[in-house]
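# Descriptive analysis of the structure
Listed here are the chains, written in short residue letters.
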Amino acid sequence: MMRDPAPLITQAHERVRDFHGSAIGKSKYELITPALVIDRDVLVGNLAYMQSRLLELHARLRGHVKNHKSPHVARLQLEHGAFGLCCATVWEAIVMVRAGADDILIANQLVNPGKRRAAALLAREARVTVNVDDPGDAAGLSAAAVEAGSTLGILVEVDTGMHRAGVDSPEEALAVARAVQQLPNLRMDGLSGYEGHCSLEMDHDARHAKQEAAMRYFVEVADYLEANGVPCPILSAAGTATAFWTGSNPRITELQLGSYAAMDDYHYLMEPRFHKATTAVVTVISRRKDRVVLDLGKKTFGSAEVGSIAAHPRIFGHEDLKPYRFDEEHATYEADESCTLKVGDVVDFHLGYTPFAVNYFDAYHVVGDGVVTDIWPIMPRGPLHGGLLPALEAGH
Amino acid sequence: MGLRDPERLITDVHERVRAQYAPALGRASDELTTPALLLDLPILRANLELMADGLRDVPTALRAHVKVHKSPHIARLQIERGATGVGCATVWEAIVMARAGIEDVFVINEVVGDERTRALALLAREVDVKTAVDDTVQVDGLSRAAVAASSTIGILIDVDEGMHRCGVASADEALPLARHIAKSPGLRFLGLTGYEGHCSLEFDRDKRYAMAGDAMAKLTGIAATLAANGLPCQIVSAAGTGTWEVTSRYPGVTEIQPGSYATMDGHHRKLDPRFGWAVTVLASVISRRPDRIVTDAGSKTVGASHGVLKGWDLDVYRFDEEHSIFVVDDRTSLATGERVEILCNYTPFAISYFEAYHVIEDGVVTDVWPVMPRGPESRWLLDALERGE
């Protein structure tokens, strides 16, 4: 189900159209650079492909939004087979409910009192589910939900090999689940077990082996809970690099992938059936004998590494140029005299890892056939709540 | 150059972030919603004082670089403590700083593209605007924009002293470029700029200072060649926080352009530990496992260069987008729900992700200051400039 977007979203859309709207109708190469560009046709192609594959998969799709932070992309995900959305932060969850979603998983621990309160208030309006790996955190969520008069769904997070948050054993999972069951205003829904470590494995077969091991363990934990009288109707897992394998596991009920929509170089290496919808447009600002310098750097595309793996951004048509160094506002590539790039050239740029770049920008320039057709806001921007919490407390 | 009152562009945003984070005012920093960007104002002021002291006996001017903090408020404090102007990495930062009341702004970067040159030329009608070039293509674009705006832009030739980014490599390249600038309408040739950024990657002080000396010999040598050819350099600008002291004392250098000395971070503390850690990221422990803790500040919060925990000697296990993970054992008492402060290895990446600082004095939040401009692309600032706002 999808409601109409609330004023929080429509006003932000109007604001970025006001800020950047003079670009509409122009070629993307006429933009002020660096600009973040999303090709709507490629995006919809990715969403439609995923939707078509869902017919053969057992699990349902819960589209992750942390990769794009776009209410507009999220609505398209919901129109293309996703039954709900997945978020990394409670601020993303508020934005996505305001965008019209009615079923959100915050696949993360909240812990901080302000964040627990935000989730509990949001649960008065939509189905909100949160990950937990600690009985004390569950008690804090319960208290917040009691105060707000709402019910929070809970998934016990299981560490399936990623070594971030998550319980370490079936016994610990059972203990946390039982604690959740006994707490008021919490609904023990099942388990969450994103196998993110598999996405750091570039080798296809090795990745598949890791994915199988992770999901075998995940299902064992679920079996143990059910054998001990704790039903687990929801088992949520998967990322873009493992979605089709994990989605074929008959026990997994929902998939929480996100990069399939906007994509980037990093995910394209692992899953080339999805195409790069999000790129940047940049300008050559200096041409030396042995190098070219572009007007975007780490304050534009973020880190050039994911974990310890290089996710080096590259210039379209000049993919062979070797990075010399990435600075805050500059990307410098080695380029000898055979390279035709010159000062003032405006070029397309492959993003290494889209989520880092998206976090720096206000808005996407939406393009079709290379022409800007709309401006979509990026929401929320940055780590702070940006006024979302006081607005929620005030009832809007 | 003085300091005017900040304009609406700044005060409106300040009021907005103060309203958004009003519940935080008066609170202890460990009661905040995390992650939050903390600015310890007394430490910041002490850093500015230390820099002013260090330049007391030399004629070299201080041009405070603002890309590090992107804060109109901090920039104003820098001017009040003796900086003659600011350095910026982008034209959008320059617009913000002019609106903050600063009358001398230098975009220490190559400005290419019609909108960006127009922004600079429009701004030059209001305040003293300078920028860097290394190519006649940039010069011609800036000249056209300045003529169209009926303004004058000050131009410094960017010299590559070993950093290998932008910049001309020799006097042979600089001289024809300076002549080209001198005869370009709307532009005024002012001198040379040459950030010795490669030196800030060398942590050994003696080696670093020797490298800076070599770099300054090249920079001032080119200035001498230009002067001998009738193109005297009124300004020779260089240095960062890692080389400010040695470069400020190099004969022929007229101004230094450090920025990190104000806010500091792990990288710059290794270069000059006399400046204190004024900016940190407050986080919460959101998961405690037997062998690790997980906080709610990841690489989408502290940025590409990550960080360490203040007061805890813990190895980094991994930074994910929304999580930082540190290795612990049974002796580490940190539990789920506890607050920790992350000392960023490189503050500018963190600041670019945040919309505001929580200003801390004696452990209590006393104000909320906006980060401006946010993000790489700021067409709205150009539109505001064109509307005369």
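Residues numbered from 1 in each chain as written. Chains lettered and ligands numbered in written order. Predicted model: local features only at pLDDT ≥ 70, side-chain atom pairs only at ≥ 80, totals over all residues. Heavy atoms only, no water.

### Digging into the interface of chain A and chain B
Definition in use: Contacts are assigned to residue pairs with any non-hydrogen atoms lying within 4.5 Å of each other. Put simply, buried area is how much 1.4 Å-probe accessible surface two parts lose in total, over both of them, once they are put together. Definition used for salt bridges: Asp or Glu carboxyl oxygen within 4 Å of a side-chain nitrogen of Lys or Arg.
Chain A puts 77 residues into the contact, and the matching count from chain B is 71 residues. Between chain A and chain B the total buried area reaches about 6200 Å² when both faces are included, carbon and sulfur atoms providing 51% of it. The three residues of chain A that bury the most area against chain B are Ile32, Arg164 and Leu384 of chain A, which together make up 13% of that side's buried surface. Connecting chain A to chain B are 13 salt bridges. For aspartate 327 of chain A, the salt bridge goes to arginine 165 of chain B, with nearest N and O atoms at 2.8 Å.

### A word on the sheet that holds strand E5 (residues 127–132) of chain A
Residues and elements named next belong to chain A. Heads up, the rule is: Here, a strand pair is defined by DSSP locating no fewer than two bridges between the strands. Strands here mean DSSP runs of E at least two residues long; helices mean DSSP runs of H or I at least four residues long; both are numbered from the N terminus. The axes are straight lines fitted to the C-alpha atoms, using for helices just the contacting stretch, and the angles between their N-to-C directions are given from 0 to 180°.
The parallel closed barrel is built from eight strands, whose spatial order is E2-E3-E4-E5-E6-E7-E8-E9. Of the strand pairs in this sheet, E5 and strand E6 (residues 152–157) are connected by four bridges, and their pairing is parallel. Directly across from valine 132, in E6, lies its bridge partner valine 156. Seen against the sheet, helix H8 (residues 204–227) touches strand E7 (186–192) and strand E8 (234–237) and runs at an angle of roughly 145 degrees to E7.

### Description of the sheet that holds strand E8 (residues 235–238) of chain B
All names here are of chain B. Strand order in the closed barrel made by the eight strands is E2-E3-E4-E5-E6-E7-E8-E9, with parallel pairing throughout. Relative to E8, strand E7 (residues 187–194) is paired through four bridges, and the arrangement is parallel. Its bridge partner being in E8, glycine 191 is matched across the sheet by isoleucine 235. Sitting on the sheet, helix H5 (residues 114–123) is in contact with strand E4 (104–110), strand E5 (128–133) and strand E6 (153–158), with an inclination near 145 degrees to E5.

### Notes on the packing of aromatic side chains
This is how it is decided: Put simply, two rings from Phe, Tyr or Trp (the six-membered ring, in Trp's case) pair if the centres are within 6.5 Å, and we call them stacked under 30 degrees between planes, edge-to-face over 60, tilted for the rest. Relative accessibility thresholds used throughout: buried, under 20% of the residue-type maximum; exposed, over 50%; partly exposed, between the two (1.4 Å probe, protein chains only). Charge-over-ring placement is defined geometrically: NZ (Lys) or CZ (Arg) within 6 Å of the ring centre, and within 35 degrees of the ring normal.
Scanning the model with the defined rule gives 14 aromatic pairs over all chains in all. Here tyrosine 49 of chain A and phenylalanine 244 of chain A contribute two aromatic rings whose centre-to-centre distance is 6.2 Å and whose plane-to-plane angle is 85 degrees, an arrangement assigned as edge-to-face. Taken together, the residues span a long stretch of sequence, with tyrosine 49 of chain A in helix H2 (residues 40–54) and phenylalanine 244 of chain A in helix H9 (residues 243–248) at a distance of 195 residues. Since its relative accessible area comes to 24%, tyrosine 49 of chain A is described here as partly exposed. For phenylalanine 244 of chain A, a relative accessible area of 7% puts it in the buried group. The interplanar angle of 80 degrees and the centroid separation of 5.2 Å between the aromatic rings of phenylalanine 301 of chain A and phenylalanine 326 of chain A together place this pair among those described as edge-to-face. Of the two residues, phenylalanine 301 of chain A is situated in helix H12 (residues 298–301) and phenylalanine 326 of chain A in strand E15 (residues 322–326); the sequence distance between them amounts to 25 residues. Side by side, phenylalanine 301 of chain A and phenylalanine 326 of chain A carry an identical accessibility label, which is buried. Grouped by ring-pair contacts, the aromatic residues Tyr49, Phe244, Tyr260 and Phe274 of chain A constitute a single cluster. Over the aromatic face of phenylalanine 203 of chain B sits the side chain of lysine 270 of chain B, whose NZ or CZ is 4.8 Å from the ring centroid.

### Thoughts on the layout of surface pockets
Let me state the cut-off plainly: Cavities and pockets are defined on a 1 Å grid built over the protein atoms alone: a cavity is a set of grid points where a 1.4 Å probe fits but cannot escape, while a pocket is an open set with protein on both sides within 12 Å along at least five of seven lines, and lining residues are those with an atom within 4 Å of any such point. Grid points are joined across faces, edges and corners, and a volume is the space filled by probe spheres set on the points. In this classification, Asp, Glu, Lys and Arg are treated as charged, Ala, Val, Leu, Ile, Met, Phe, Trp, Tyr, Cys and Pro as nonpolar, and every other residue, Gly included, as polar.
Its boundaries defined by the atoms lining it, the largest pocket holds a volume of some 1000 Å³. Lining the largest pocket we find 37 residues, and of these Arg15 and Gly386 of chain A together with Arg16, Gln20 and Glu355 of chain B sit closest to its centre. Of all elements in the fold, only helix H1 (7–20), helix H4 (90–98) and helix H14 (388–393) of chain A together with helix H1 (8–20) of chain B reach the threshold of two or more residues within the lining of the largest pocket. Within the lining of the largest pocket, the residues separate by chemical class into 21 nonpolar, seven polar and nine charged. As a volume, the second largest pocket reaches approximately 890 Å³.

### Here's the deal with the domain arrangement of chain A
Residues and elements named next belong to chain A. What counts here: Start and end points for every domain follow an automatic or database-based domain assignment.
Each assigned domain of chain A is listed with its residue range as follows: domain 1 (40–263) and domain 2 (278–377). Here the C-alpha centroids of domain 1 and domain 2 sit 32 Å apart. In this complex, domain 1 contributes 16 residues to the contact, which on the side of domain 2 involves 14 residues. Overall, the association of domain 1 and domain 2 removes approximately 1200 Å² of surface from exposure, summing both partners, and the carbon and sulfur fraction of that is 60%.

### A short note on the pairing of strand E18 (residues 363–368) of chain A
All names here are of chain A. Of all six residues in E18, five are buried; the element is thus mostly enclosed. Bridge count between strand E1 (residues 35–39) and E18: three bridges; the pairing is parallel. Along E18, the bridge assignment pairs valine 37 with histidine 365. One ladder, built from six bridges, connects E18 with strand E19 (residues 371–377); its direction is antiparallel. Its bridge partner being in E19, histidine 365 is matched across the sheet by isoleucine 375. In sequence, E18 turns back onto E19 through a hairpin of two residues, with aspartate 369 there showing a positive phi of about 50 degrees.

### A few points about the packing of helix H2 (residues 41–54) of chain B against helix H3 (residues 72–80) of chain B
Residue and element names in this part refer to chain B. Stated precisely, the cut-off is as follows: By definition, turning the near helix anticlockwise from the far helix through less than a right angle yields a left-handed crossing, and turning it clockwise yields a right-handed one.
At a minimum axis separation of 10 Å, H2 and H3 run at an interaxial angle of 40 degrees. As for the relative orientation of H2 and H3, their crossing is right-handed in sense. When H2 is examined against H3, the residues Leu41, Leu44, Arg45 and Leu48 are found in contact with a partner set consisting of Ile74, Leu77 and Gln78. Grouping the constituent residues of the contact of H2 with H3 by class yields five nonpolar, one polar and one charged.

### A closer look at the environment of arginine 15 of chain A
Residues and elements named next belong to chain A. Position of arginine 15 relative to the elements: it lies in helix H1. Given the relative accessible area of 43%, arginine 15 is considered partly exposed. The spacing of arginine 15 and histidine 58 is 43 residues in sequence and 41 Å in space, taken between C-alpha atoms.

### Thoughts on helix H6 (residues 135–148) of chain A
Residue and element names in this part refer to chain A. The cut-off we apply is this: Each residue after the first adds 1.5 Å to the expected span of a helix. Polar contacts, as used here, are pairs of N or O atoms within 3.5 Å; protein pairs need one atom able to donate a hydrogen and one able to accept it. Residues neighboring in sequence count only if both atoms are side-chain atoms.
Taking 1.5 Å per residue as the helical rise, H6 with its 14 residues ought to reach 20 Å, and the 20 Å between its terminal C-alpha atoms agrees with that figure. Residues of H6 that are buried: Asp137, Ala138, Gly140, Leu141, Ser142, Ala144, Ala145 and Ala148. For H6, the elements touching its buried residues are helix H5 (113–122), E5, E6, helix H7 (170–182) and E7. Where H6 begins, one side-chain oxygen reaches toward the backbone nitrogen of glycine 136, 2.8 Å away; that side chain belongs to aspartate 134.

### Here's the deal with the pairing of E6 of chain B
Residues and elements named next belong to chain B. The condition that has to hold: By convention a crossover is right-handed if, when the strands point away from the viewer, the path from the first strand over the helix to the second runs clockwise.
In terms of burial, E6 is a largely internal element, six of the six residues being buried. Between the parallel elements E5 and E6, the chain passes through helix H6 (residues 136–149) in a crossover that is right-handed. Summarising the sheet, E6 and E7 pair through six bridges and their orientation is parallel. Paired with aspartate 158 across the two strands is threonine 193, which belongs to E7. One crossover worth recording links E6 to the parallel E7 by way of helix H7 (residues 171–182), and it is right-handed.

### Focus on the side chain of serine 151 of chain B
Residue and element names in this part refer to chain B. You can see serine 151 is positioned in the loop between H6 and E6. A distance of 2.8 Å separates a polar side-chain atom of serine 151 from the backbone oxygen of alanine 121. Aside from chain neighbours lying at most four places away, what touches serine 151 is Ala121, Ala124, Arg125, Ala146 and Gly186.

### Considering the packing of H2 of chain A against helix H3 (residues 71–79) of chain A
All names here are of chain A. For the pair H2 and H3, the least separation of the axes is 9 Å and the interaxial angle reads 35 degrees. In this structure, H2 crosses over H3, and the sense of that crossing is right-handed. Across the interface between the two elements, Arg40, Leu43, Val44, Leu47 and Gln51 of H2 pack against Val73, Leu76, Gln77 and Glu79 of H3. Looking at the contact of H2 with H3 residue by residue, the class counts come to five nonpolar, two polar and two charged.

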